[in-house]
Amino acid sequence: MAPMATKKQTEAARKHIAEASKPRLKRQAFVEGHKRKFLVVVDETPECESALAFAASRAVRTRGQLALLYVVEPGAEFSHWLGVEEIAREEGHNKARAVFRLFGRKLKAMGFEELAPEEIVREGTKAEEITKLIEEDPDIGVLVLGASKDPSGPGPLVTTLAGGRFAGTFLVPITVVPGCLGLEEILALA
């Protein structure tokens, strides 16, 4: 006998169905004056570099745009200390700028000197901010994620977005770059 769904699970399911069925913003990537954007979520994980290489190559080959998103995740432990929360937020934005500089150097080292990525900083949880950004920007046509080499799984972002509750209702295609591929292999595929 199957266990009965709790009231909380039933409400969550209804909310998810309502979100999935609401009208979506039409993608504008191929309308005159627009370019298709390849969105990469940047952080300090090694798989991020694989996603960057693939997305940059696809953007150049298809005359698209590269968009880099850094999400400053709030620390719940500081929410009641306004001064500490502000310092943590500022540190998060400083870290974002440093990560963008690092990935700018990586792009140049890969041979993408002419590519000027759009740099976006958001505050919140990664999955929610990625979804909100894609909903707000009709030029984003593909989300590119790198899968971890770790045998325990592809990583939390891939698991959440490509395999979790978002999987069947995500607004754009998700490209997952295998973590086992080297730079030359990635560029040959892109």
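Keep in mind that this is a model prediction, so the values were computed, not measured. (Residues numbered from 1 in each chain as written. Predicted model: local features only at pLDDT ≥ 70, side-chain atom pairs only at ≥ 80, totals over all residues. Heavy atoms only, no water.)

Visitor: Now, about helix α4 (residues 126-136): what can you tell me, with residues and values included?
Guide: Spacing of three or four residues puts side chains on the same side of an α-helix, whose turn is 3.6 residues. Here α4 has its buried residues at Lys126, Ala127, Glu129, Ile130, Thr131, Leu133 and Ile134. On its buried face, α4 sits against β1 (37-41), β2 (65-72), β3 (118-123), β4 (140-146) and α5 (156-163). (Buried < 20%, exposed > 50% of the residue type's maximum accessible area, 1.4 Å probe, protein only. Helix = DSSP H or I, 4+ residues; strand = E, 2+ residues; numbered from the N terminus. Contact = heavy atoms within 4.5 Å.)

Visitor: Describe the packing of α4 against α5, and please don't skip the residues or the numbers.
Guide: Close contact between α4 and α5 brings their axes to 10 Å; oriented N to C, the two are set at 50°. Accordingly, the angle class assigned to the pair α4 and α5 is oblique. For the pair α4 and α5, the crossing hand works out as right-handed. Across the interface between the two elements, Lys126, Ala127 and Ile130 from α4 touch Leu157, Thr160 and Leu161 from α5. Considered class by class, the residues forming the contact of α4 with α5 number 4 nonpolar, 1 polar and 1 charged. (Axes fitted to C-alpha atoms, helices over the stretch in contact; angles between N-to-C directions. Parallel < 35°, antiparallel > 145°, perpendicular 65-115°, else oblique. Left-handed = near helix turned anticlockwise from the far one by under 90°. Nonpolar A, V, L, I, M, F, W, Y, C, P; charged D, E, K, R; others polar.)

Visitor: Outline the pattern of salt bridges, listing residues and values.
Guide: Across all of its chains, the model carries 10 salt bridges by this definition. With a shortest N-O distance of 2.8 Å, Glu49 and Lys106 are connected by a salt bridge. Residue Glu49 is located in helix α2 (residues 47-61), and its partner Lys106 is located in helix α3 (residues 82-109); the two are separated by 57 residues in the primary sequence. Under the relative-accessibility criterion, Glu49 is labelled partly exposed at 35%. With relative accessibility at 24%, the residue Lys106 sits in the partly exposed group. Two residues, Arg89 and Glu123, come together in a salt bridge whose shortest N-O distance is 2.6 Å. One end of the pair, Arg89, is in helix α3; the other, Glu123, is in strand β3, with 34 residues separating them in the sequence. One salt-bridge network, in which partners are shared between bridges, spans Arg122, Glu129, Lys132 and Glu136. (Salt bridge = Lys/Arg side-chain N within 4 Å of Asp/Glu carboxyl O.)

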